[in-house]
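Now for the letters of each chain:
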Amino acid sequence: MQRGWKAVAMAAVLGGAGAASAHEFTCEKRVQIQGEKPTDEAPRVTRFPATLRIQYKLKNIHPKGESVADVVEDPLLEPQGFRFPFQTPLAVGVGQEKESSFEVKLASPEACQALAATDGKDDGHFDSALRVKWALGETQCAARVTCCEPFVDCEMTCPPHDPYCSEGNPVAPGASRNAGFFKVHEGALQQCLAGGRIDLGVARVESLEQALGLLWASPGLDRNGEARSETDAGRFELAREALVASCNERLFGNEEKRSRALDEALRTLRTRGNEGTARLATELRRTNEAGTREPLPQGFDAGRATPAHAASIAADPTEPVRR
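Predicted, not measured: the structure shown is a model, and the values here were computed from it.

**Details of the nonpolar core**
Phe182, Leu189, Leu200, Leu243 and Leu284 are the most contacted members of the largest nonpolar core, which totals 37 residues. Elements that contribute at least two residues to this core include exactly helix H2 (179-182), helix H3 (186-193), helix H4 (208-216), helix H5 (230-252), helix H6 (260-270) and helix H7 (277-290). Broken down by element, the residue count for this core peaks at 10 residues, all from H5. Every residue in contact with Phe182, bar those within four places of it in the chain, is listed here: Arg177, Ala188, Leu189, Leu212, Leu215, Val244, Cys247, Asn248, Leu251 and Phe252.

Now the structure itself:
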């Protein structure tokens, strides 16, 4: 993982001037992820919410006189609220420098990717440049920030006072089963529910029939045959994968090492959030299928597959669309 400081300084003098009106600057721009140790590498944002602390340094390098900056701007960060605190024109004496900082808050991986796309390139990172202009010259300094890769190294940390969130190491690799397994193995699903009801936001699953209903029902249609909205369909699919992940955890894993993805999914569902449901559903689906080739724990009896009976008793536990 790469985090820390990255500074690139560039200077360009566009014209000469007499001794009385000569000015010359260099600038430096550095970005640090708040809470991370600084290094010489370009920062890579992987944990959210995150705060980028951007530091600027302007130095007068003219050997004899003060330099006056007429314009100081960072265009890419202006939509983020960037306002350079130095008043222009900015006069800097011989051998002196001015420093300032600006913070950018990123609530989620999606916010980081959206910021990365503002430079016109969909490549997961952005290069923003500070521009300093004076009467006959200009200098620029830029820094790169890279966003994590979705489903690979993006992490959400727990907000304070969230009873549903617990940080820690992901569940160790081992046996797991996907939705297709649980929808036909009533015995395995019943053993999962023996651990208590599962609150999935869209429904509280307490019975075998309700759990099967979530696994057999159509994400696009409610139990009355009415179309779900795109948002409700996305939340339904996330709830289905969260149910499967919860059962994998109860039956084959250690609940004290609940995965970050499941915590985030349950938090999103229980707080009726909509952001990132597709990303989370995909991530949980991959997790649920990761150990399908691993043997079930010794002594665990999933029972025989009964697809016809399971489908016949399935009852969608979610509320139908109200019109």
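There is more to say, and it comes next.
**Observations concerning the environment of Ala114**
For Ala114, the position within the fold is in helix H1 (residues 109-117). Taking the relative accessible area as the measure of exposure, Ala114 reaches 46% and is therefore partly exposed. C-alpha separation for the pair Ala114 and Cys147, spaced 33 residues apart in sequence, amounts to 9.8 Å.

**As for the packing of H4 against H5**
Relative placement of two packed helices is described by the angle separating their axes and the distance separating the axes. Closest axis-to-axis distance for the H4/H5 pair is 9 Å, and the angle between their directions is 125°. Taken together, the axis directions place H4 and H5 in an arrangement best described as oblique. In the crossing of H4 with H5, the sense of the turn from one axis to the other is left-handed. Facing H4, whose interface residues are Ala211, Gly213, Leu214, Leu215 and Trp216, H5 presents Phe236, Ala239, Arg240, Leu243 and Val244. A class-by-class count of the residues in the contact of H4 with H5 yields eight nonpolar, one polar and one charged.

About the criteria used
Residues numbered from 1 in each chain as written. Predicted model: local features only at pLDDT ≥ 70, side-chain atom pairs only at ≥ 80, totals over all residues. Heavy atoms only, no water. Core = buried A, V, L, I, M, F, W, Y, C linked by side-chain atoms within 4.5 Å. Buried < 20%, exposed > 50% of the residue type's maximum accessible area, 1.4 Å probe, protein only. Helix = DSSP H or I, 4+ residues; strand = E, 2+ residues; numbered from the N terminus. Contact = heavy atoms within 4.5 Å. Axes fitted to C-alpha atoms, helices over the stretch in contact; angles between N-to-C directions. Parallel < 35°, antiparallel > 145°, perpendicular 65-115°, else oblique. Left-handed = near helix turned anticlockwise from the far one by under 90°. Nonpolar A, V, L, I, M, F, W, Y, C, P; charged D, E, K, R; others polar.

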